[in-house]
Amino acid sequence: MTRALVKTGQFRGVTKQALRNVLVYAPTVIWVNRGLKQLWWQDCSRQYSSHDWLVVPASHSLTFVNEPSQTDFFSRTLTFLEPPPYEWLEDSGPVTPIAEEPRLSVTPQLAYCFDVLYEMAGKSLSEETQKQFLLAFYAEIRKANALHLLFPGSDKSLSEKLASYLSLNPGNAHSVESVAADFSMSSATLKRKLAAENTSFRHILTNVRMVYALSLMQNSRSQLNIALACGYQSEARFSQRFKEVFGLTPKEYVQTL
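As the structure is a prediction and not an experimental result, all values here were calculated from the model. Per chain, residues are indexed from 1 in the order of the written sequence. Since the coordinates come from a predicted model, pLDDT governs what is reported: local features require at least 70, and pairs of side-chain atoms require 80 or more to be given and counted, while whole-chain, interface and lining totals use all residues. With hydrogens and water excluded, all non-hydrogen atoms of the structure serve as input to the side-chain values.

Draft legend 1. Inspection of the sheet that holds strand β6 (residues 52-56) at higher detail. Only strands joined by at least two bridges in the DSSP assignment are considered to pair. Helix and strand definitions here come from DSSP, where helices need a minimum of 4 consecutive H or I residues and strands a minimum of 2 consecutive E residues; each element is numbered from the N-terminal end. As summarised here, the arrangement of the five strands in space is β1-β8-β3-β6-β9, forming an open sheet in which the pairing is antiparallel. Of all the strands in the sheet, the pair left with one neighbour each is β1 (6-13) and β9 (103-105). The mean inter-strand angle of the sheet, taken between neighbouring strand axes irrespective of direction, is 25°. Across three bridges, β6 lies against β9 in antiparallel orientation. Within β9, the position partnered with Asp52 by the bridge is Ser105. Between two residues, a contact is recorded if the distance between any of their heavy atoms is within 4.5 Å. For helices, the fitted line uses only the C-alpha atoms of the stretch in contact; every axis is such a line through C-alpha atoms, and the angle between N-to-C directions lies from 0 to 180 degrees. Here helix α2 (residues 108-120) sits on the sheet in contact with β1, β3 (28-34), β6, β8 (73-80) and β9, set at roughly 75° to β8. Helix-sheet contacts for helix α3 (residues 127-143) involve β1, β6, β8 and β9, and the interaxial angle to β8 is about 110°.

Draft legend 2. Examining the sheet that holds strand β5 (residues 44-48) more closely. Spatially, β2-β7-β4-β5 is the arrangement adopted by the four strands of the open sheet, whose pairing is antiparallel. Each edge of the open sheet is held by one strand with a lone partner, namely β2 (17-24) and β5. Taking each pair of neighbouring strands and ignoring which way they run, the sheet shows an average axis angle of 30°. Here β2 pairs with strand β7 (residues 60-67) via six bridges, running antiparallel. What sits directly across from Ala18, in β7, is Val65.

Draft legend 3. Structural detail: the pattern of salt bridges. One speaks of a salt bridge when a side-chain nitrogen belonging to Lys or Arg is within 4 Å of a carboxyl oxygen belonging to Asp or Glu. Applying the stated criterion across every chain, the model contains nine salt bridges. A salt bridge links Asp52 to Arg103, with the shortest nitrogen-to-oxygen separation between them at 3.3 Å. Here Arg103 lies in strand β9 and Asp52 lies in strand β6, a separation of 51 residues in the sequence. Classification of Asp52 by relative accessible area gives buried; the value is 13%. Using a 1.4 Å probe on the protein chains alone, a residue whose accessible area is under 20% of its type maximum counts as buried, one over 50% counts as exposed, and one in between counts as partly exposed. A residue is classified by how much of its surface remains accessible, and Arg103, at 25% relative accessible area, is partly exposed. Of the charged contacts, one joins Arg241 and Glu244 as a salt bridge, the two residues approaching to 3.2 Å between their closest N and O atoms. Here the residue Arg241 and the residue Glu244 both occupy positions in helix α10 (residues 235-246), the gap between them amounting to three residues, near one helical turn. Judged by its relative accessible area of 18%, Arg241 falls in the buried class.

Draft legend 4. A look at the packing of helix α8 (residues 201-216) against α10. Two elements in contact, α8 and α10, have axes whose closest approach is 10 Å; the angle formed by their N-to-C orientations is 95°. Classified by the angle between their axes, α8 and α10 sit roughly perpendicular to one another. Every residue of α10 that contacts α8 at Thr206, Asn207, Met210, Val211, Ala213 and Leu214 is listed here: Phe238, Arg241, Phe242, Val245 and Phe246. Of the residues that constitute the contact of α8 with α10, the class distribution is eight nonpolar, two polar and one charged. In this scheme, roughly parallel covers angles under 35 degrees and roughly antiparallel covers those over 145, while 65 to 115 is roughly perpendicular and the rest are oblique. Classification convention: Asp, Glu, Lys, Arg as charged; Ala, Val, Leu, Ile, Met, Phe, Trp, Tyr, Cys, Pro as nonpolar; all other residues, Gly among them, as polar.

Draft legend 5. Inspection of the packing of aromatic side chains at higher detail. Side-chain rings of Phe, Tyr and Trp, where Trp is taken by its six-membered ring, are said to pair if the distance between their centres is within 6.5 Å; with planes under 30 degrees apart they count as stacked, over 60 as edge-to-face, and otherwise as tilted. In the structure shown here, the tally under the stated rule is 14 aromatic pairs. With a centroid separation of 5.5 Å and 85° between ring planes, the pair formed by Tyr138 and Phe151 is classed as edge-to-face. With Tyr138 in helix α3 and Phe151 in the loop between α4 (147-150) and α5 (158-167), this pair connects stretches of sequence that are 13 residues apart. The residues Tyr138 and Phe151 share a single accessibility class, namely buried. Note on Phe242 and Phe246: the rings are 4.9 Å apart at their centroids and 75° apart in plane angle, and the pair reads as edge-to-face. Separated by four residues within a single helix, Phe242 and Phe246 lie in helix α10, roughly one turn from each other. In terms of burial, Phe242 and Phe246 fall into one category: buried. A connected cluster of aromatic rings, assembled from ring pairs, spans Trp31, Trp53, Phe80, Phe114, Tyr118, Phe137, Tyr138 and Phe151.

Draft legend 6. Representation of α2. The terminal C-alpha atoms of α2, which comprises 13 residues, lie 18 Å apart, in line with the 18 Å expected from a rise of 1.5 Å per residue. If you check which residues of α2 are buried, you get Leu110, Ala111, Cys113, Phe114, Leu117, Tyr118 and Met120. Residues of α2 that are buried sit in contact with β1, β3, β6, β8, β9 and α3. Here the expected span of a helix is defined as 1.5 Å times the quantity of residues minus one.

Draft legend 7. Representation of the environment of Val32 within the structure. Inspection of the secondary structure puts Val32 in strand β3. Taking relative accessible area as the criterion, Val32 reaches 1% and is therefore assigned buried. The spatial distance from the C-alpha of Val32 to the C-alpha of Pro84 is 24 Å, given a sequence separation of 52 residues. Ignoring anything within four residues of it in the chain, the contact list for Val32 reads Lys37, Tyr48, Ser49, Ser50, Phe73, Phe74 and Ser75.

In structure tokens form, the structure reads like this:
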């Protein structure tokens, strides 16, 4: 089976959607095509519309409100599972742009590249072909001097690698022992290294599953089916975790759709 280098998503809403702690596990571009996204970033409120991309590096949790305008709210996302060439990252800008606003003005060229990648994700292209399309997208981002917004550093943290790994099959019965073995380390070492990054295996797995649940809810209203798909045998347990992470219940979120 060919590995996907880019994952796409789309999110809708007919009433305001207030969400907190939405994990961005891999570098992601969010494009609000209709409505507004009110983002809290570095203790300030930022507003995004169709004129700007929200450009987020890996391992960030977002707090925001999606606001419909005259019609519904609609956004699309591109999540990147393959980095640009190493030498591009070395000269792409600041190493730690954490205080820099994650915004990039949309040009016709960037819009075209986004749409091409978005369509590519559903075409079952070979990995080599995907790389060429992705490289062209990165080249346009680089031309805009914004590659560092997506990739502030050249090395992935363990938590970023783990989140990307878990996101491939969020609903599987992942255990710290089996995952540690796949990472060629003991479970104790995995736990220690994650603790050094101020996180844990359970925290990352829960957040990856909850973000997956958000995407599933765009097309399904069955809370039980979504709970099972996310690896929870109990609908009540799933609902509890969802509210702990996002601050509202699955039922409350579905009502905004």
